[in-house]
Amino acid sequence: MTTAAPQATGGRTLAHPAREEIRLEAVLHALSDPMRLAVVREMASARSAELSCSHFDLPVTKSTTTHHFRVLRESGVIEQVYRGTTKLNGLRRADLDALFPGLLDSVLAAADRQEQRLGA
């Protein structure tokens, strides 16, 4: 999942910022929420490049989960596409690494250290 153009399947279109439209402050805002950071950490460590929304077991309502995924998508952190009735999510690592070298790896490493430090 590397394209940033809106994705459409069966009439469903999801807007994504193009690589050149991704802004640092939007990415940092998206990653500043513990729930969204947990999603990104899970996506970064997954063997699969795409994970369905149902893969994530978040302790929030479905509407809140939808909100978190929308923030991640609109900030350019993830890409979402429909495959049939399933919405798949992929981390836009190549785009983020090209725009902000080392940022994602640094944030993920810091989150790992914090989890170890706090014993979460």
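Scroll up to find the structure.
Quick caveat: nothing in here was measured; it's all calculated off a predicted structure.

Criteria and thresholds
- Residues numbered from 1 in each chain as written.
- Predicted model: local features only at pLDDT ≥ 70, side-chain atom pairs only at ≥ 80, totals over all residues.
- Heavy atoms only, no water.
- 1 Å grid on protein atoms, 1.4 Å probe; cavity = no way out; pocket = protein on both sides within 12 Å on 5 of 7 lines; lining within 4 Å.
- Points joined across faces, edges and corners; volume = space filled by probe spheres on them.
- Helix = DSSP H or I, 4+ residues; strand = E, 2+ residues; numbered from the N terminus.
- Nonpolar A, V, L, I, M, F, W, Y, C, P; charged D, E, K, R; others polar.
- Axes fitted to C-alpha atoms, helices over the stretch in contact; angles between N-to-C directions.
- Parallel < 35°, antiparallel > 145°, perpendicular 65-115°, else oblique.
- Contact = heavy atoms within 4.5 Å.
- Core = buried A, V, L, I, M, F, W, Y, C linked by side-chain atoms within 4.5 Å.
- Buried < 20%, exposed > 50% of the residue type's maximum accessible area, 1.4 Å probe, protein only.

Focus: empty space enclosed by the protein
Link 1 in the chain: By the definition in use, this model includes one cavity of 30 Å³ or more.
Link 2 in the chain: Counted as a void, the largest cavity has a volume near 30 Å³.
Link 3 in the chain: Lining the largest cavity are V27, L31, L96, F100, L103 and L104.
Link 4 in the chain: Contributing elements (two or more residues each) for the lining of the largest cavity: α1 (24-31) and α5 (103-118).
Link 5 in the chain: Grouping the constituent residues of the lining of the largest cavity by class yields six nonpolar, no polar and no charged.

Notes on the packing of helix α2 (residues 34-45) against α5
Link 1 in the chain: Packing of α2 against α5 brings their axes to within 11 Å, and their N-to-C directions diverge by 110°. Taken together, the axes of α2 and α5 are roughly perpendicular relative to one another. Residues L37, V40, R41 and A44 of α2 touch α5, and the partners they reach there are L104, V107, L108, A111, D112 and E115.
Link 2 in the chain: A class-by-class count of the residues in the contact of α2 with α5 yields seven nonpolar, no polar and three charged.

Examining the nonpolar core
Link 1 in the chain: In this structure, V40 and V77 are the most contacted members of the largest nonpolar core, which totals 23 residues.
Link 2 in the chain: Elements supplying a minimum of two residues to this core: α1, α2, α3 (62-75) and α5.
Link 3 in the chain: The contact partners of V40, leaving out residues within four places of it in the chain, are L31, L72, V77, L91, L104 and L108.

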